[in-house]
Amino acid sequence: MRSLTLLLVLGAAGPLCADPAVRRPDGAAPFAGLPPQDSEWREVRSLDGLWQFKLCPTDDPERGFREQWFAAMPSAEDPEVLDMPVPASYNDITQRADVRDHLGWAWYWQQAWVPRSWAGRRTVLRVGSAHYSAVVYVNGARAAEHSGGHLPFAADVTDLLLPGQANLVSIGVNNTLTDITVPQGRTVRKANSSSYVYPEGYETLEYNFDFFNYAGLHRPVLLYTTADTFVEDVTVTSTLAADGSAAVTYAVTAATVLTQDDVTMNVTLVSPGGEPVGAADGAQGVLTVTQPELWWPYLMDASPGRQYTLIVELLAASGARDIFRQRFGIREITWDADSVSINGRPVYIRGFGKHEDSDIRGKGLDLPLLVKDFNLIEWLGANCFRTSHYPYAEEIMDAADARGIMVIDETPAVSLDYSQTGGDDRLLTAHTEALSGLIARDKNRPSVLMWSLSNEAKTGQPEAVPYYQTLVALARAQDGTRPVTAVLNTYPDTELVAPLLDVILVNRYFGWYSDTGHSELIDLQARHFLTFWRDTFGKPVVQSEYGADTVAGLHQQPTFVFTEEYQTQLMAANFRAFEAVRAQGWFVGEMIWNFADFMTKQDTTRVVGNRKGVLTRQRQPKMSAHLLRSRYWALAQRTDMPELLLPDDLMFSGDFTGVQKKQCPARPAAGWQTSAVKGRWEHKTSTKP
C-alpha cells in the first residue's frame with residue numbers, strides 16, 4: 001500500500017491543511033466538504049427539531065451581539081421567544097406580519113447533548129443552509145461565520161464541546177442583501193415627501209428576483225465525528241472506451257489535526273447490485289470496469305439512475321481509521337456545436353425550472369414534499385430540472401442521482417447588475433466562491449448535466465465580459481467534464497457573454513410579457529427568436545423559460561390571460577415552434593416555467609405569488625400539467641425509447657402536443673452505433689464527438 005505523509009500547515013489552504021474548518025482570512029468558514037455519513041468510524045447526530053427563536057429589532061441590529069444573546073438560552077419568560085422548527089424558513093410559521101417581513105438578524109438556540117463516547121474525537125458542526133449570512137456560537141464561543149444562503153458550511157468544534165453534557169448551539173441568521181451579495185438586494189430607507197410620509201428610520205429590502213426572500217435555517221444542522229486523521233475529499237470521474245469498458249478515475253485527499261501522520265489508503269468499487277468489481281491501493285488511480293452498468297436519465301433506459309459506490313478506507317500510523325462511501329454513476333457527457341450527449345446518445349431536455357418552495361416551510365427541506373415532487377416529475381415524463389435560482393438541498397440532488405433526473409446546477413446569481421457595484425470586486429468574489437462551492441459539492445453527481453453561472457444577469461453590459469471570463473475559466477478548471485452555460489434574457493444582437501458558453505439557454509415569454517394575450521403570434525416569434533440565437537452563435541440552444549401565469553380553476557372562452565385555457569393555448573403554440581426548430585438538429589431542450597406555483601414578494605402583478613406553475617403550490621395539476629405530460633411522454637418515445645409504452649391516461653393527442661409519429665427517432669451521435677450490450681451505445685471509432 002502507498003504511504004502518505006500529512007503535515008500540519010498552519011494558516012494554509014489545500015488538502016494538507018490540518019483542519020478543513022480553519023477560517024479564511026475574511027473570517028468565513030470554508031466550504032463544508034464531504035457530506036456527513038454514519039460509518040464504521042464516523043457518527044452523525046442531528047440537531048433538527050424545535051429551536052428557540054427570537055428576532056433582533058430592525059432598528060437595533062447589533063443588540064443580540066451587544067447583549068451576548070448567544071451566550072445563554074433565552075428566558076422562558078421572554079414573550080418574544082418563539083418555538084421555531086429546523087429545517088424551515090421562519091417567515092410563514094407564525095401569524096405575524098413582522099416575522100414574515102423581518103429584515104435583519106434572527107437568533108436560534110438549541111441544546112445539544114454530546115455523548116461521553118465522543119470525548120477526544122474530532123467533532124464538526126455542519127449547517128446545511130442559513131440564509132443569507134450566519135454566525136455560529138458553541139457554548140458562547142464563536143465557531144464559524146458564513147455568507148451565501150444555499151451551500152453548507154462547517155466548523156471543527158472539538159475544543160468547544162463538553163462531552164457528556166448539554167451544549168448550547170446559538171446561530172444568528174441575517175437575510176439582508178446588498179449590491180455585493182449573490183443574489184443582490186438593497187436596503188432602502190424611505191424618505192418623506194409631499195405625497196408620502198413614513199415612520200422615522202423605516203426601511204425595506206428591495207430586490208429584482210421574482211421569488212420570496214425566505215430566511216432561516218433551511219437545511220439540517222448536524223454534529224458528526226471523524227478520527228484525527230480522516231478522508232477529506234473524494235473526486236470520481238468516468239470515461240467510456242470503444243471496447244465497451246469504462247475507466248473510473250479517482251483521487252482522494254486526507255487531512256489531519258496532528259502535527260503529522262502517515263496513512264495508507266485503499267479503495268473498493270462496488271456495483272449497483274452490491275458486488276465488488278474492482279480494488280486498488282493508493283490515494284489516486286484508475287479502475288477499469290469491463291461491462292459497466294451505465295447511469296442513464298429517466299426514460300432513456302429501462303433502469304435509470306444506476307450508481308456505483310467507491311469505498312475509501314484510510315489507516316494511519318497514529319492508529320486513526322476512516323471509511324467514506326462515495327456514490328457516483330458511470331456515464332460520460334460530451335457536447336459539440338449541435339448537441340449534448342450522455343454515453344453517446346444525444347439528450348433532448350424535457351423539463352422545467354423549479355423552486356425550493358412550499359406552504360408553511362418556505363424554502364425549508366421537506367422530505368415528504370421532496371418525494372412527492374420526484375413522483376410528479378416522473379408522472380409528467382420529464383427528465384430534467386434547473387436549480388433555479390440557487391443550489392438545492394443535497395437531499396434533492398441525491399434523489400436526482402438515484403432516479404435518473406438530470407440537473408442544470410445553478411449558482412445564486414440571479415438578475416445581477418454589475419453597474420450597481422461601482423466597480424467593487426467583492427461581487428465577483430462572492431460569485432466565484434458560490435460557483436466553486438457548488439462544483440466542489442456536486443462534482444461527483446451523475447445527475448448534474450451542466451453548470452449554470454447565472455440567471456438573467458445583465459450580460460449585455462460591457463462589464464460582463466471580463467466578469468464571465470473569470471467565471472467560465474474557474475468552472476472549466478475545476479471541472480472540465482460538463483458544459484458551462486448561463487441563462488440569458490437578452491437578444492443575440494446585444495448579447496456579450498454567449499460566445500464564452502458551451503450551450504445557450506434563453507428565457508422568453510412570447511404571448512405573456514410581450515404581445516400579451518396574442519397566442520397567434522407565438523409560433524412565428526419563437527421560431528424567429530430561437531433561430532436568431534443559433535445563427536448568431538452556432539451553439540446548441542435550450543428554451544429555459546416560457547409560460548403564463550394561471551389561476552387554477554379560472555376559465556373563460558374565448559381564451560383570456562390568467563385562465564387555464566390560455567396557459568394551455570400558449571404552451572401548444574410554443575410546442576409547434578419547438579418542433580420546427582428541433583427538426584433542424586440544434587435545439588436540444590425545453591423547460592417550462594414553472595414546475596409549481598411559488599411565493600414572491602407582494603406586488604400588484606402577483607396574486608399571492610407567481611402562478612406560472614403547471615402544478616399549484618399544493619402540487620395539484622392544472623390542465624396544463626396534463627398537456628405537458630402528454631407531450632413529454634410522446635417526446636420520450638420519439639427521441640429516447642421507441643419501445644416505450646405510453647401511459648393509457650394521457651389526455652392530449654399530437655394535434656396539441658406537436659409530437660407526430662415517425663418524427664425525430666432516437667439516434668446515436670456521430671461516431672456512435674447501437675451495441676449488443678443492453679443499455680448502452682458504443683463507438684464506431686475511438687474518436688468521440
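This one's a predicted model, so the numbers in the text were calculated from it and none came from an experiment. (Residues numbered from 1 in each chain as written. Predicted model: local features only at pLDDT ≥ 70, side-chain atom pairs only at ≥ 80, totals over all residues. Heavy atoms only, no water.)

(A) Molecular detail of the overall build of the protein chain. Looking only at helices and strands, the protein chain has 10 helices and 35 strands in total. For the protein chain, whose C-alpha radius of gyration is 26 Å, the value lies close to the compact-globule estimate of 26 Å for 689 residues. Every one of the 689 residues in the protein chain was classed for burial, and the buried ones make up 58%. Considering only contacts within the protein chain whose residues lie at least 6 apart along the sequence, 72% involve residues at least 24 apart. Element-wise, carbon and sulfur atoms account for 52% of the exposed surface of the protein chain, whose accessible area totals about 26800 Å². Looking at charge distribution, the protein chain has the averaged site of its 62 positive side-chain charges lying 4 Å from that of its 81 negative ones. (Helix = DSSP H or I, 4+ residues; strand = E, 2+ residues; numbered from the N terminus. Rg over C-alpha atoms; globule rule 2.2 N^0.38 Å. Buried < 20%, exposed > 50% of the residue type's maximum accessible area, 1.4 Å probe, protein only. Contact = heavy atoms within 4.5 Å. Areas by Shrake-Rupley, 256 points an atom, 1.4 Å probe, with all protein chains shown as cover. Lys, Arg positive; Asp, Glu negative; His and termini not counted. Charge placed at Lys NZ, Arg CZ, Asp CG, Glu CD.)

(B) The arrangement of the sheet that holds strand 4 (residues 82-86) in detail. Taken in spatial order, the six strands of this open sheet run 4-3-5-11-8-9, and their pairing is antiparallel. With partners counted over all chains shown, the strands left at the sheet margins are strand 4 and strand 9 (141-147), one partner each. Ignoring strand direction, the axes of neighbouring strands in this sheet form an average angle of 30°. (Pairing = 2+ DSSP bridges. Axes fitted to C-alpha atoms, helices over the stretch in contact; angles between N-to-C directions.)

(C) Representation of unusual backbone geometry in the model. Across the junction of V182 and P183, the peptide omega takes the value 10°, indicating a cis bond. You can see P183 is positioned in the loop between strand 11 (166-174) and strand 12 (186-189). In this chain, S388 is followed by H389 through a cis amide linkage whose omega measures -5°. Here H389 lies in the loop between strand 27 (384-386) and helix 4 (394-403). Here S415, not a glycine, exhibits a phi torsion of approximately 60°, which is positive. Among the structural elements, S415 can be located in the loop between strand 28 (406-410) and helix 5 (426-442). Taking relative accessible area as the criterion, S415 reaches 14% and is therefore assigned buried. Backbone geometry places F562, a non-glycine residue, at a positive phi of 80°. Within the fold, F562 resides in the loop between strand 32 (541-545) and helix 8 (564-582). Residue F562 is classed as partly exposed on the basis of its relative accessible area of 31%.

(D) Geometry of the pairing of strand 28. Across the five residues of strand 28, five count as buried, placing the element largely inside the fold. Going residue by residue along strand 28, you find M406, I408 and E410 tucked away on one face and V407 and D409 tucked away on the opposite face as well. Sheet analysis places strand 27 next to strand 28, joined by three bridges and oriented parallel. When the bridges of strand 28 are listed, R386 appears paired with I408. Tracing the backbone out of strand 27, into helix 4 and back to the parallel element strand 28 gives a crossover that is right-handed. As paired strands, strand 28 and strand 29 (residues 448-455) are joined by four bridges and run parallel to one another. (Right-handed = clockwise from strand over helix to strand, strands pointing away.)

(E) View of the side chain of S358. Along the chain, the position of S358 falls in the loop between strand 26 (349-353) and helix 3 (367-380). Residue classification places S358 among the buried positions, given a relative accessible area of 5%.

(F) Looking closely at the environment of N375. Here N375 is to be found in helix 3. Along the backbone, N375 and R403 are 28 residues apart, and their C-alpha atoms lie at a distance of 9.7 Å.

(G) Focus on the pairing of strand 32. Within strand 32, five of the five residues are buried, leaving the element largely enclosed by the surrounding structure. Handedness of the crossover is the feature at issue here: the chain leaves strand 31 (residues 504-507), passes through helix 7 (residues 522-537), returns alongside strand 32, and the resulting connection is right-handed. Two elements, strand 32 and strand 33 (residues 587-592), share three bridges in a ladder whose sense is parallel. Directly across from V542, in strand 33, lies its bridge partner G589. One crossover worth recording links strand 32 to the parallel strand 33 by way of helix 8, and it is right-handed.

(H) The packing of helix 8 against helix 9 (residues 623-639), seen in detail. Between helix 8 and helix 9, the least distance of the axes is 8 Å, while the angle of their chain directions is 20°. Comparing their axes, helix 9 and helix 8 come out roughly parallel. Relative to helix 9, helix 8 is oriented so that their crossing is right-handed. Residues E564, Q567, T568, M571, A572, F575, F578, E579 and R582 of helix 8 touch helix 9, and the partners they reach there are M623, S624, L627, L628, R631, L635 and T639. Counted by class, the contact of helix 8 with helix 9 contains eight nonpolar, four polar and four charged residues. (Parallel < 35°, antiparallel > 145°, perpendicular 65-115°, else oblique. Left-handed = near helix turned anticlockwise from the far one by under 90°. Nonpolar A, V, L, I, M, F, W, Y, C, P; charged D, E, K, R; others polar.)

(I) View of helix 7. Relative to the 22 Å expected for 16 residues at 1.5 Å per residue, helix 7 spans 23 Å between its end C-alpha atoms, a close match to the ideal helical length. Along helix 7, the residues classified as buried are I522, D523, A526, F529, L530, W533, R534 and F537. Around the axis of helix 7, the buried residues are gathered within 145° of arc, so they sit on the same side. The exposed set on the far side of helix 7, more than 90 degrees from its buried face, consists of L524, H528 and D535. Buried positions along helix 7 lie against strand 30 (484-488), strand 31, strand 32, helix 8 and strand 33. Looking one or two places after helix 7, you find G538, whose phi comes out positive at around 60°. (Expected span 1.5 Å × (residues − 1). Arc of directions from axis to C-beta.)

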